[in-house]
Amino acid sequence: PGQSVEGTMGVPGSKSLAQRHLLAAFLAQGRTQVECVPECGDVEALLGALRCLAGDEWGQDGVYEGGGWASSEAHGERTTLSAGESGTAARLLTACLALGGPSRGPVHLAVEGSLALRCSRALIESLVGAGAMLGPPSVLQGAPDSSWPLDIDPVACPGQLTLRDPASSQEISALLFALAARGGGRLTVRGSMPSEPYIRMTESVLADFGVQVDEVDGLFSVTGRLRAPAHALVVEPDASAAAVVLAAGCVSGGAVRIPGLTSSSTQGDLRIIEYLRTFGCHGKVDSEEAMASGIPCRGGTINLSGEPDLAPVLAVVAAMACLHSGEPSRLEGLGTLEGKESPRLSGLA
C-alpha cells in the first residue's frame, strides 16, 4: 500500500481467443498446434467438453487433431457435456452441436453456477428457426428465464441463418462457427450488434483456419472450409487482464509494460491504451508491447459499447481522475453488463 506498480509484467493468455482457437481446431481438418493456452475455468470447461467428444487425450501435447466428433447415433445414447460457467463455451457449443448434422447423435449440454440462470434467447430462437431440435420444452415456450441445461438433437446446418436482436456478440460468433463448420453460408443479423470487436476476433480466428467472413450491413457471408493452419497458433496475452495491470500502473503513479500484447491484436479491450490517454495518462502499444504510465488528471466521456468489460477498470481510473482534478467522467454503452455472470453495473455502483 502506498507504493507504485512498476515494471514489466506478464498476464495470462486470452481466454476468448483460446476458446475460439480450440473449437476451430476441433472442427477443422488436420492437426493444429496451439501454444500458450491459459489455465482458467472457462478454457478448461470447453476443453473438457471437446475431450468428451474427441477422447480424453485430445490436445494433451498441445497438438489438436481436427475432424469433429465421432457419431454416437448408433448407440442411441445422449452424450452429456458441460460448459461450466463459460458463456462463450455454452453459446459456441450450443450452435455447433445443434447444427452439426443428425449423424452426430443427441447431446445434453449442462452448465454450472450462474450460467444456469442466464438466457440466450436470440440464439435459441435462431437455432429453432433453422430446424434444430432443442429441449426441454420450457426453452421453446418463448422468453425463457434460462437457456441451459439443454437437450440437443442435431440437424444439418442450412445455408441461411437469421439472428434477431442479439444480446451478446457470442450469439453471432456461435452461428459463424456453425456456418464455417458447414463449409459456408450466410447469416443475417437484424438489430444492433453488441461488442463488435469480439465478432472481429471470431472473423480473424476463422481466417487463420482458411475461412473468410465478409459483412455488409448485418449480412455475413462465410466461405471456405476449416483447415488446420500450417503454423503454430500462439494465444496472445489477455487484453482484459492487461487492462487491470496497465490501469494499476497509472493510478499508483507507476509505469507498466506488457510484452506480447501488440498493435496487431484483434482484442477490442486493447483500447484501454486509448482510454487511459483520455484521462490524461500516457499510453502506447507497438509491435512488441503495450505500456502505460502517468496519473489520471482529467475527466472524460467514453463510449464502451464495444468494450463494456473495461467499465470496472475505467471506473476506478475515472474516480482517481476526479480526485486529482475535480472533473466528473461518464462511461456510456454499458447496457449488456447487468446480464453477465453477475449484475456488474449494480455491483460496481
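Keep in mind it's a predicted model, so treat the numbers as computed, not measured.

Thresholds applied
Residues numbered from 1 in each chain as written. Predicted model: local features only at pLDDT ≥ 70, side-chain atom pairs only at ≥ 80, totals over all residues. Heavy atoms only, no water. Salt bridge = Lys/Arg side-chain N within 4 Å of Asp/Glu carboxyl O. Helix = DSSP H or I, 4+ residues; strand = E, 2+ residues; numbered from the N terminus. Buried < 20%, exposed > 50% of the residue type's maximum accessible area, 1.4 Å probe, protein only. Pairing = 2+ DSSP bridges. Axes fitted to C-alpha atoms, helices over the stretch in contact; angles between N-to-C directions. Contact = heavy atoms within 4.5 Å. Lys, Arg positive; Asp, Glu negative; His and termini not counted. Polar contact = N/O pair within 3.5 Å; in protein donor to acceptor, adjacent residues only side chain to side chain.

Chemist: Go over the pattern of salt bridges, please, and point to the residues and values.
Modeler: When charged atoms on two side chains of opposite charge get close, those side chains can pair. Taken as a whole and assessed by the stated rule, the structure comprises eleven salt bridges. Its salt-bridge partner being Asp-153, residue Arg-78 comes within 3.4 Å of it at the nearest N-O pair. In this pair, Arg-78 is assigned in the loop between strand E3 (63–65) and strand E4 (79–82) and Asp-153 in strand E7 (residues 150–153), connecting sequence segments 75 residues apart. A residue is classified by how much of its surface remains accessible, and Arg-78, at 35% relative accessible area, is partly exposed. With a relative accessible area of 30%, Asp-153 lands in the partly exposed category. Residues joined in a network through salt bridges with shared partners are Glu-196, Arg-200, Glu-203 and Glu-215.

Chemist: Break down unusual backbone geometry for me, citing the residues and quoting the values.
Modeler: The omega torsion of the bond from Trp-148 to Pro-149 falls at 5°, within 30 degrees of zero and hence cis. For Cys-36, which is not glycine, the phi torsion reads 65° and is therefore positive. On the secondary structure map, Cys-36 appears in the loop between strand E2 (31–35) and helix H2 (41–54). Positive phi, normally seen in glycine, also occurs at Asp-165, with a value near 50°. Checked against the element boundaries, Asp-165 lands in the loop between strand E8 (160–164) and helix H5 (169–182). Relative accessible area serves as the criterion here: at 57%, Asp-165 is assigned to the exposed category.

Chemist: Pulling in residues and values, what's your account of the sheet that holds strand E14 (residues 282–285)?
Modeler: Read across the open sheet, the four strands follow the order E1-E13-E15-E14; overall the sheet is mixed. Sheet topology places strand E1 (6–8) and E14 at the edges, where each strand pairs with a single neighbour. Averaged over all pairs of adjacent strands, the angle between strand axes in this sheet comes to 10°, irrespective of strand direction. Relative to the sheet, helix H7 (residues 239–251) contacts strand E13 (255–259) and strand E15 (289–293), its axis offset from that of E13 by approximately 160°.

Chemist: Help me get a handle on the sheet that holds strand E9 (residues 184–190), residues and values and all.
Modeler: The strand order across the open sheet built from four strands is E8-E9-E11-E10, with neighbouring strands paired in mixed fashion. Every other strand in the sheet has two partners, leaving E8 and strand E10 (212–216) as the edge strands with one partner each. Going from strand to strand, the sheet's axes swing by 20° on average, the running direction of each strand aside. Judged from the five bridges that link them, E9 and strand E11 (residues 219–223) form a sheet pairing that is antiparallel. Residue pairing across strands places Thr-188 opposite Leu-219, the latter belonging to E11. Where helix H6 (residues 196–208) meets the sheet, it contacts E10 and E11, and its direction lies at approximately 145° from that of E10.

Chemist: Give a description of the pairing of E13 that names residues and reports values.
Modeler: Across the two faces of E13 the burial differs, with Val-256 and Ile-258 buried and Ala-255, Arg-257 and Pro-259 not buried at all. In this structure, E1 lies alongside E13, joined through three bridges in parallel fashion. Paired with Gly-7 across the strands is Val-256, a residue of E13. Where E13 lies against E15, five bridges are found, and the strand directions are antiparallel. What sits directly across from Arg-257, in E15, is Met-291.

Chemist: Requested: an account of the side chain of Glu-236, with residues and values cited.
Modeler: Counting through the fold element by element, Glu-236 comes out in the loop between strand E12 (233–234) and H7. Among buried Asp, Glu, Lys and Arg side chains, Glu-236 stands out as unpaired, with Arg-20 the closest opposite charge at 11 Å. Within the structure, the side chain of Glu-236 is placed 2.4 Å from the side chain of Ser-265, a separation counted as a polar contact. Ignoring anything within four residues of it in the chain, the contact list for Glu-236 reads Gly-13, Ser-14, Leu-17, Gly-260, Ser-265, Thr-266 and Gln-267.

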